[in-house]
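# Descriptive structure summary
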Amino acid sequence: MATVDVYNLKREKVGTIDLADEVFAAEVKEHLFYEVVKAQLASARQGTAAAKNRSAVSGSTKKLYKQKGTGRARHGSIRAPVFVGGGQAHPPRPRDWSYRPPRQVRVSALRAALSKFNKEGRLVVVDAFELSEVKTKGLLKVLGALKTQRHTLVVDGADNEKLRLSIRNCQDHQFLPPEGVNVYDLLRHDTLVLSKDAAKALESRLTEKAAKAESGVKKAGAK
């Protein structure tokens, strides 16, 4: 088990927490980061680019001039791509760019990202992320006390409205619930701050036992 110090919001040590090596001390396989982030960015593409080909633009289909004897190139339509206002050759069409890597690849990449934060000392676990009021200035003061770096990802339960509302105006910081943690958002931040409950939620989400249970539920549903 990986033992991690637990702090309060003033960065005073209040205890430790044991986290599964499988999730927070796994081998860092950086090649998986590329595969998963590429898939995430591809899935975020709108895929709405479109243009008209020669059959879609307006214009006469009458042959412009006779085939031979003019000394000019042979043309059959004013809508050809070589003319101004003509259709585009091989234009882009709306398409779905999204794809999904295998679940084991996604899980392994997420484990590797969490382990990378832990091994590099960029993981901070707090006892509870409880703010007295919804105030961005107060949140920044707390992050300063925790000695986080410029870009910080804070993970706590989705019901922590004070935290969510306080952080939403911050350009350099982001809040996510445990079920929303992903490789792309992890890698674009310098520090990861987890509440104890969030750390345990991530652990249960990414352990091999949980993966097998989820796989069994899906197979039962398919039958």
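A brief look at the structure comes next. Quantities reported herein were computed from a predicted structural model and do not represent experimental measurements.

Analysis parameters
Residues numbered from 1 in each chain as written. Predicted model: local features only at pLDDT ≥ 70, side-chain atom pairs only at ≥ 80, totals over all residues. Heavy atoms only, no water. Phe/Tyr/Trp six-rings, centres within 6.5 Å; stacked < 30°, edge-to-face > 60°. Lys NZ or Arg CZ within 6 Å of the ring centre and 35° of its normal. Salt bridge = Lys/Arg side-chain N within 4 Å of Asp/Glu carboxyl O. Helix = DSSP H or I, 4+ residues; strand = E, 2+ residues; numbered from the N terminus. Core = buried A, V, L, I, M, F, W, Y, C linked by side-chain atoms within 4.5 Å. Buried < 20%, exposed > 50% of the residue type's maximum accessible area, 1.4 Å probe, protein only. Contact = heavy atoms within 4.5 Å. Arc of directions from axis to C-beta. Pairing = 2+ DSSP bridges. Axes fitted to C-alpha atoms, helices over the stretch in contact; angles between N-to-C directions.

## So, the packing of aromatic side chains
- By the definition in use, this model includes zero aromatic pairs.
- Cation over ring: Arg11 sits above Tyr7, and NZ or CZ is 4.7 Å from the ring centre.
- Taking NZ or CZ as reference, Arg95 lies 3.6 Å from the ring centre of Trp97, over its face.

## Some words on the pattern of salt bridges
- The final tally for this structure, using the stated rule, is 10 salt bridges.
- Among the ionic pairs, Glu30 bridges to Lys116, the shortest N-O distance being 3.3 Å. Here Glu30 is found in helix H2 (residues 30–44), whereas its partner Lys116 is found in helix H3 (residues 103–119), with 86 residues between them in sequence.
- Lys116 is the partner of Glu120 in a salt bridge, and the nearest nitrogen-oxygen pair spans 2.9 Å.
- Linked by salt bridges that have partners in common, Glu30, Lys116, Glu120 and Arg122 make up one network.

## Considering the nonpolar core
- The biggest cluster of nonpolar side chains holds 32 residues, and the ones touching the most others in it are Phe24, Leu114, Leu186, Leu192 and Leu194.
- Counting residues per element, this core draws most heavily on H3, which supplies seven residues.
- Leaving out residues up to four positions away in the same chain, Leu114 has contacts with Val23, Phe24, Leu186, Leu192, Leu202 and Leu206.
- In this structure, Val126, Leu143, Leu146 and Leu163 belong to the second largest nonpolar core, which totals 16 residues.

## Here we look at helix H4 (residues 136–145)
- Among the residues of H4, Leu139, Val142 and Leu143 are the ones counted as buried. Down the axis, H4 shows its buried residues gathered within 100° of arc, on one side only. Exposed residues pointing more than 90 degrees away from the buried face of H4 are listed as Lys137 and Lys141.
- Those residues of H4 that are buried lie in contact with strand S4 (152–155), helix H5 (161–167) and strand S5 (173–176).
- Where H4 terminates, the next one or two residues include Lys147, which has phi positive at roughly 60°.

## Notes on unusual backbone geometry
- Look at Arg11: it is not a glycine, yet its phi comes out positive at around 60°.
- Assignment of secondary structure puts Arg11 in the loop between strand S1 (2–7) and strand S2 (13–19).
- Among the residues examined, Arg11 registers a relative accessible area of 30% and is labelled partly exposed.
- If you check the backbone angles, Lys147 has positive phi at about 60° while not being a glycine.

## Side note on the sheet that holds S4
- Taking strand neighbours across the sheet as the criterion, the six strands line up as S2-S1-S3-S6-S4-S5 in an open arrangement whose pairing is mixed. The open sheet has two edge strands with one neighbour each: S2 and S5. Adjacent strand axes in the sheet meet at a mean angle of 30° when their direction is disregarded.
- By the bridge criterion, two bridges tie S1 to strand S3 (residues 123–126) in an arrangement that is parallel. Bridge pairing links Val6 to Val125 in S3.
- Helix H7 (residues 196–206) contacts S1, S2, S3, S4 and strand S6 (191–195) of the sheet and is inclined by roughly 100° relative to S6.

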